[in-house]
Amino acid sequence: GAAPPAILGADDPALRLVRTHGVYLFDGSLPSLAAATELGLPDTAGMLIDGEPRRVLTFRLRPGWVRDDVDFALNTLRNAIHDRMSFQIMKVDLEQAAEIQRSLLPANPPPFPGFSLAARSIPAARVGGDFYDFLPTDPETIVLAVGDASGHGLAAALVARDVVTGLRMGTEK
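Quick caveat, the model's predicted, so the values are computed rather than measured. (Residues numbered from 1 in each chain as written. Predicted model: local features only at pLDDT ≥ 70, side-chain atom pairs only at ≥ 80, totals over all residues. Heavy atoms only, no water.)

## Describing the overall build of the protein chain
Then comes step 1: A tally of helices and strands in the protein chain yields 4 helices and 5 strands.
Then comes step 2: Reading the helices (α) and strands (β) of the protein chain from amino to carboxyl end gives β-α-α-β-β-α-β-β-α.
Then comes step 3: For the protein chain, the proportion of contacts with a sequence separation of at least 24, taken over those separated by at least 6, is 54%.
Then comes step 4: Summed over all atoms, the accessible surface of the protein chain reaches about 12,200 Å², with 58% contributed by carbon and sulfur. (Helix = DSSP H or I, 4+ residues; strand = E, 2+ residues; numbered from the N terminus. Contact = heavy atoms within 4.5 Å. Areas by Shrake-Rupley, 256 points an atom, 1.4 Å probe, with all protein chains shown as cover.)

Structural data, given as structure tokens:
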């Protein structure tokens, strides 16, 4: 089975160095590192930092390693992981914004005597603040609302949502 995670406190000297620098090469003299080695941690280890799970990559280097080469490789890896995580967060935000925008648009226009109503929205970007709505107020009147919240992405979709919600609430009264 997997080795149990090492438990480090937020004030741990090794952890403080990693948090400060992002990547840190240790010589094994810090007490927390000696304790981790005694636990028999594998080269890639999960650690608990004040009860919060984090992923920490640890490597044992063979004799003859060059500090600048290892530092460059580890910083490249750290930056690649950070970029990937940022991309995933941005992707989720865009998916949420696109879903908000789709939910604002009526599935079908309401029937209105003497007219055939139709509408379609194709955002210029993956998501934006464009919206339209059909708001029947009485049997002989329908309000057509068309709008574009400035910008793109989640912020514009949220502004459009608030406007559409306000329009719908206002026409009900």
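## Thoughts on helix H4 (residues 153-172)
Then comes step 1: When the terminal C-alpha atoms of H4 are compared, their 29 Å separation across 20 residues agrees well with the 28 Å that a helix rising 1.5 Å per residue should span.
Then comes step 2: Taken together, the buried positions of H4 are Gly153, Ala156, Ala157, Ala160 and Val164. For H4, the buried positions fall inside an angular range of 95 degrees around the axis, keeping them on one side.
Then comes step 3: For H4, the elements touching its buried residues are helix H3 (67-104), strand S4 (128-138) and strand S5 (141-152). (Expected span 1.5 Å × (residues − 1). Buried < 20%, exposed > 50% of the residue type's maximum accessible area, 1.4 Å probe, protein only. Arc of directions from axis to C-beta.)

## Overview of the packing of aromatic side chains
Then comes step 1: Taken as a whole, this structure holds 2 aromatic pairs when the rule is applied.
Then comes step 2: Measuring from centroid to centroid gives 5.8 Å for Phe112 and Phe115, while their planes differ by 35 degrees, and the two rings are tilted.
Then comes step 3: The class of Phe115 is exposed, set by a relative accessible area of 56%.
Then comes step 4: Centre to centre, the rings of Tyr132 and Phe134 are 6.1 Å apart; their planes meet at 75 degrees, and the pair counts as edge-to-face.
Then comes step 5: Residue classification places Tyr132 among the buried positions, given a relative accessible area of 12%.
Then comes step 6: On the basis of relative accessibility, which here comes to 12%, the residue Phe134 falls in the buried class. (Phe/Tyr/Trp six-rings, centres within 6.5 Å; stacked < 30°, edge-to-face > 60°.)

## Re the pairing of S4
Sheet faces and side chains relate simply in a regular strand, where the side chains alternate between the two faces.
Then comes step 1: Two strands pair when backbone bridges link them, and S4 and S5 are joined in this way by 10 bridges, in the antiparallel orientation. Directly across from Asp130, in S5, lies its bridge partner Asp148.
Then comes step 2: Between S4 and the antiparallel strand that follows it, S5, lie 2 residues. (Pairing = 2+ DSSP bridges.)

## Considering the confidence of the model for the protein chain
Any region with low pLDDT has predicted coordinates that should not be read closely.
Then comes step 1: Per-chain confidence: the protein chain averages 76 in pLDDT, with 74% of residues scoring 70 or above.
Then comes step 2: Within the protein chain, the element-level pLDDT minimum falls on strand S2 (residues 44-49), averaging 45, and the maximum on H3, averaging 85.
Then comes step 3: Contacts for the low-pLDDT stretch residues 41-48, under 50 throughout, to residues beyond four places or in other chains number 35 contacts. (pLDDT = per-residue confidence, 0-100.)

## So, the nonpolar core
Then comes step 1: Leu104, Leu105, Phe112, Phe131, Tyr132, Phe134, Ile142, Ala149, Ala156, Ala160 and Val164 together form the largest nonpolar core, which totals 11 residues.
Then comes step 2: Secondary-structure elements contributing two or more residues to this core are S4, S5 and H4.
Then comes step 3: Here Tyr132 is in contact with Leu104, Leu105, Pro106, Ala119, Arg120, Ser121, Ala145 and Val146, once residues within four sequence places are set aside.
Then comes step 4: Membership of the second largest hydrophobic core comes to 5 residues, among which are Ala97, Ala98, Val127 and Ala157. (Core = buried A, V, L, I, M, F, W, Y, C linked by side-chain atoms within 4.5 Å.)

## Re the packing of H3 against H4
Then comes step 1: Here H3 crosses H4 at 25 degrees, and the two axes come no closer than 9 Å. Relative to H4, H3 is oriented roughly parallel. For the crossing formed where H3 meets H4, the hand is left-handed. Facing Asp93, Leu94, Ala97, Ile100 and Leu104 of H3, the residues of H4 in contact are Gly153, Leu154, Ala157, Leu158, Ala160, Arg161, Val164 and Arg168.
Then comes step 2: Residue composition of the contact of H3 with H4, grouped by class: 9 nonpolar, 1 polar and 3 charged. (Axes fitted to C-alpha atoms, helices over the stretch in contact; angles between N-to-C directions. Parallel < 35°, antiparallel > 145°, perpendicular 65-115°, else oblique. Left-handed = near helix turned anticlockwise from the far one by under 90°. Nonpolar A, V, L, I, M, F, W, Y, C, P; charged D, E, K, R; others polar.)

## Quick notes on the pattern of salt bridges
Then comes step 1: Enumeration according to the criterion identifies 3 salt bridges in this entry.
Then comes step 2: A salt bridge links Glu99 to Arg102, with the nearest nitrogen and oxygen atoms 3.0 Å apart. Residue Glu99 and its partner Arg102 are located together in helix H3, separated by 3 residues, close to a single helical turn. (Salt bridge = Lys/Arg side-chain N within 4 Å of Asp/Glu carboxyl O.)

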